[in-house]
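Chain by chain, the residues:
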Amino acid sequence: MTLSIMTSTLADDVVEVSPSGEIDVENAYEIREAVATQLGAGKLVRIELNLQNVTFIDSVGISALVAAFQLAQVSEVKLIVTRPSRFAHRQLWVTGLLGLFGNPQPYGEAGAAQPAVSGA
């Protein structure tokens, strides 16, 4: 599967970058380039990486996310991950990077109710 990246403006100073598909050794650079393009396009406060449609991400893809974070940080722009797919969330958790990207919940679970506790 290939990677496609959509960008949209959420507010005057907030942009969403939404990759879809697999982020791997062949295309991970595209994430970094997409963030760099947004940073060069104007004054931003935040970039949101919406990972809900990411079906696979390997170690090179994780490295690209960290590189994008560092690019944003140098430009004094906050970069966070939003709506990670369960796979992307697991990869960020395993690598210890969830906190770096704002501690996002897996897509579809952000508003999940807590299990009821029955007492006797």
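Residues numbered from 1 in each chain as written. Predicted model: local features only at pLDDT ≥ 70, side-chain atom pairs only at ≥ 80, totals over all residues. Heavy atoms only, no water.

- In the annotation of an unreviewed UniProt entry, the entry for the protein chain reads Anti-sigma factor antagonist, and the organism field reads Paractinoplanes pyxinae.
- Per UniProt, the protein chain has the following entry under Sequence similarities (unreviewed entry): "Belongs to the anti-sigma-factor antagonist family." (UniProt positions renumbered as here; feature names shortened; annotations may be inferred.)

1. Looking at the overall build of the protein chain
So, step 1. The helix and strand inventory of the protein chain stands at 3 helices and 5 strands.
So, step 2. Its helices and strands taken in sequence order, the protein chain reads β-β-α-β-β-α-β-α from the N to the C terminus.
So, step 3. Residue burial in the protein chain is summarised as follows: out of 120 residues, 41% are buried.
So, step 4. The contacts of the protein chain with a sequence gap of at least 6 include a subset with a gap of at least 24, amounting to 66%. (Helix = DSSP H or I, 4+ residues; strand = E, 2+ residues; numbered from the N terminus. Buried < 20%, exposed > 50% of the residue type's maximum accessible area, 1.4 Å probe, protein only. Contact = heavy atoms within 4.5 Å.)

2. Let's talk about unusual backbone geometry
So, step 1. One non-glycine residue with positive phi stands out, namely Glu76, at about 60 degrees.
So, step 2. Position of Glu76 among the secondary structure elements: in the loop between α2 (59–74) and β5 (78–82).
So, step 3. Since its relative accessible area comes to 69%, Glu76 is described here as exposed.
So, step 4. Positive phi, close to 50 degrees, is recorded for Asn103, a residue that is not glycine.

3. Describing the side chain of Gln38
So, step 1. Take Gln38: it is sitting in helix α1 (residues 29–41).
So, step 2. In this structure, Gln38 is in contact with Thr7, Val15, Val17, Leu44 and Ile47, ignoring residues within four places of it in sequence.

4. Thoughts on the pairing of β5
Within a regular beta strand, the side chains point alternately toward one face of the sheet and then the other, so they alternate between its two faces.
So, step 1. Of all 5 residues in β5, 4 are buried; the element is thus mostly enclosed.
So, step 2. Alignment of strand β3 (residues 46–50) against β5, held across 5 bridges, turns out to be parallel. For Arg46, the partnering residue across the bridge sits in β5 and is Lys78. (Pairing = 2+ DSSP bridges.)

5. Focus on the nonpolar core
So, step 1. If you look at the biggest cluster of nonpolar residues, it comprises 29 residues, and the most contacted ones within it are Ile47, Leu49, Leu65, Leu79, Leu92 and Phe101.
So, step 2. Going through the elements one at a time, β2 (14–23), α1, β3, β4 (53–57), α2, β5 and α3 (86–94) are the ones with two or more residues in this core.
So, step 3. What Leu65 contacts, discounting residues up to four positions off in sequence, is Ile31, Leu49, Leu51, Ile57, Leu92 and Phe101. (Core = buried A, V, L, I, M, F, W, Y, C linked by side-chain atoms within 4.5 Å.)

6. Focus on α2
Every α-helix carries 3.6 residues per turn, so stepping three or four residues along brings you back to the same face.
So, step 1. The end-to-end C-alpha separation of α2 is 23 Å, in line with the 22 Å expected for 16 residues at 1.5 Å each.
So, step 2. Three or more residues of α2 are buried, namely Gly61, Ile62, Ala64, Leu65, Ala67, Ala68, Phe69 and Ala72.
So, step 3. In the core, the buried residues of α2 are packed alongside β2, α1, β3, β4, β5 and α3.
So, step 4. For α2, the side-chain oxygen to backbone nitrogen distance between the N-cap and Val60 is 3.0 Å, and the N-cap itself is Asp58.
So, step 5. Glu76, located one to two residues past α2, shows a positive phi value of around 60 degrees. (Expected span 1.5 Å × (residues − 1). Polar contact = N/O pair within 3.5 Å; in protein donor to acceptor, adjacent residues only side chain to side chain.)

7. Some points on the environment of Lys43
So, step 1. Position of Lys43 relative to the elements: it lies in the loop between α1 and β3.
So, step 2. The sequence separation of Lys43 and Val77 amounts to 34 residues, and the corresponding C-alpha distance is 8.7 Å.
So, step 3. Not counting residues up to four positions away in its chain, the partners in contact with Lys43 are Asp12 and Asp13.

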